[in-house]
Amino acid sequence: MRRVSVLFSILLSVFCIFAIAFYPINGMNTFGTKGMWIMVIAAVILGILFMIFGRYFNQLILIYQVLVLLLCLLCGVLGLLVASGYLKLFTIVIAVASILNFIFYFF
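Residues numbered from 1 in each chain as written. Predicted model: local features only at pLDDT ≥ 70, side-chain atom pairs only at ≥ 80, totals over all residues. Heavy atoms only, no water.

Visitor: Would you explain the packing of helix H1 (residues 2-22) against helix H4 (residues 86-105) in this entry?
Guide: The angle between the axes and the distance between the axes are what describe a pair of packed helices. At a minimum axis separation of 10 Å, H1 and H4 run at an interaxial angle of 160°. Here H4 runs roughly antiparallel to H1, going by the angle between their axes. In this structure, the crossing between H1 and H4 has a hand that is left-handed. The residues of H4 that touch H1, namely those facing Arg2, Ser5, Phe8, Ser9, Leu12, Phe15, Cys16, Ala19 and Phe22, are Leu87, Phe90, Thr91, Ile94, Ala97, Ser98, Asn101 and Tyr105. Among the residues making up the contact of H1 with H4, the classes are represented as 11 nonpolar, 5 polar and 1 charged. (Axes fitted to C-alpha atoms, helices over the stretch in contact; angles between N-to-C directions. Helix = DSSP H or I, 4+ residues; strand = E, 2+ residues; numbered from the N terminus. Parallel < 35°, antiparallel > 145°, perpendicular 65-115°, else oblique. Left-handed = near helix turned anticlockwise from the far one by under 90°. Contact = heavy atoms within 4.5 Å. Nonpolar A, V, L, I, M, F, W, Y, C, P; charged D, E, K, R; others polar.)

Structure (C-alpha cells):
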C-alpha cells in the first residue's frame, strides 16, 4: 500500500506542476513549454529515486511524503488566493487528495 501511496504522490506533484503552468500571467500560461516538461520529468525522476532508496532508508519515504504534502497544500492555498474557475477547483482537489494520500500512507 505504501508503494501505491508513493506513486500517487508522484502523480500529485506532476498535477501541481500542471496547475502552476495553467495559471495565466499577463494573459498567457506556460503549459506545454519546454521548461514545464523538464520540471515534470524532474518530479517523476525524483519520485522514483525516493521510492528506490526508500526501500533501504525508511525515513526517506516519509520525508518525500511530507514534502509532497506541503507542495500540494501550498498549491491549494495559491489556488484559493489567486486562481479562478476550474483552476481553483483543480488546486483544491489536489490539496484534498494530498491530505488523503498522506493519511492513507500510514494505514
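Visitor: Help me out: how do you make sense of H1 in this one?
Guide: Every α-helix carries 3.6 residues per turn, so stepping three or four residues along brings you back to the same face. Compared with an ideal rise of 1.5 Å per residue, which puts 21 residues at 30 Å, H1 spans 30 Å between its outermost C-alpha atoms and is within 8% of the ideal. Burial in H1 covers these residues: Ser5, Val6, Ser9, Ile10, Leu12, Ser13, Val14, Cys16, Ile17, Phe18, Ala19 and Ala21. Looking at the packing, one finds that the buried side of H1 touches helix H2 (34-54), helix H3 (58-82) and H4. (Expected span 1.5 Å × (residues − 1). Buried < 20%, exposed > 50% of the residue type's maximum accessible area, 1.4 Å probe, protein only.)

Visitor: Which parts of the structure should I look at to understand H4?
Guide: In this model H4 runs 28 Å from its N-terminal to its C-terminal C-alpha over 20 residues, within 8% of the 28 Å that 1.5 Å per residue would give. The secondary structure elements touched by the buried residues of H4 are H1 and H3.

Visitor: Can you help me understand the environment of Leu71 in this one?
Guide: Looking at the element boundaries, Leu71 is found in helix H3. Spatially, the C-alpha atom of Leu71 lies 8.7 Å from that of Ala95, the residues being 24 residues apart in sequence. Setting aside its immediate chain neighbours within four residues, Leu71 contacts Ser13 and Cys16.

Visitor: Just to check I follow, could you spell out the layout of surface pockets for this structure?
Guide: In this approach the atoms are scanned with a rolling probe the size of a water molecule, which exposes any empty space left behind. Its boundaries defined by the atoms lining it, the largest pocket holds a volume of some 240 Å³. In this structure, the largest pocket is lined by 13 residues; those nearest its centre are Ser13, Ile17, Ala43, Leu46 and Leu71. Elements with a minimum of two residues in the lining of the largest pocket: H1, H2 and H3. Per-element tally for the lining of the largest pocket: the top contributor is H2, with 5 residues. The residue makeup of the lining of the largest pocket, split by class, is 12 nonpolar, 1 polar and no charged. There is about 200 Å³ of room inside the second largest pocket. Of all the secondary structure elements, the ones that give two or more residues to the lining of the second largest pocket are H1, H2 and H3. Among the elements that take part in the lining of the second largest pocket, H3 stands out by supplying 4 residues, more than any other. Across the lining of the second largest pocket, the residue classes tally to 6 nonpolar, 3 polar and 3 charged. (1 Å grid on protein atoms, 1.4 Å probe; cavity = no way out; pocket = protein on both sides within 12 Å on 5 of 7 lines; lining within 4 Å. Points joined across faces, edges and corners; volume = space filled by probe spheres on them.)

Visitor: Even after reading the chapter, I still don't get the environment of Ile99, so can you show me in this structure?
Guide: Considering the arrangement of structural elements, one finds Ile99 in helix H4. Between the C-alpha atoms of Ile99 and Leu78, which are 21 residues apart in sequence, the distance is 16 Å. Beyond its immediate stretch of four places on either side in the chain, Ile99 contacts Leu69 and Leu73.

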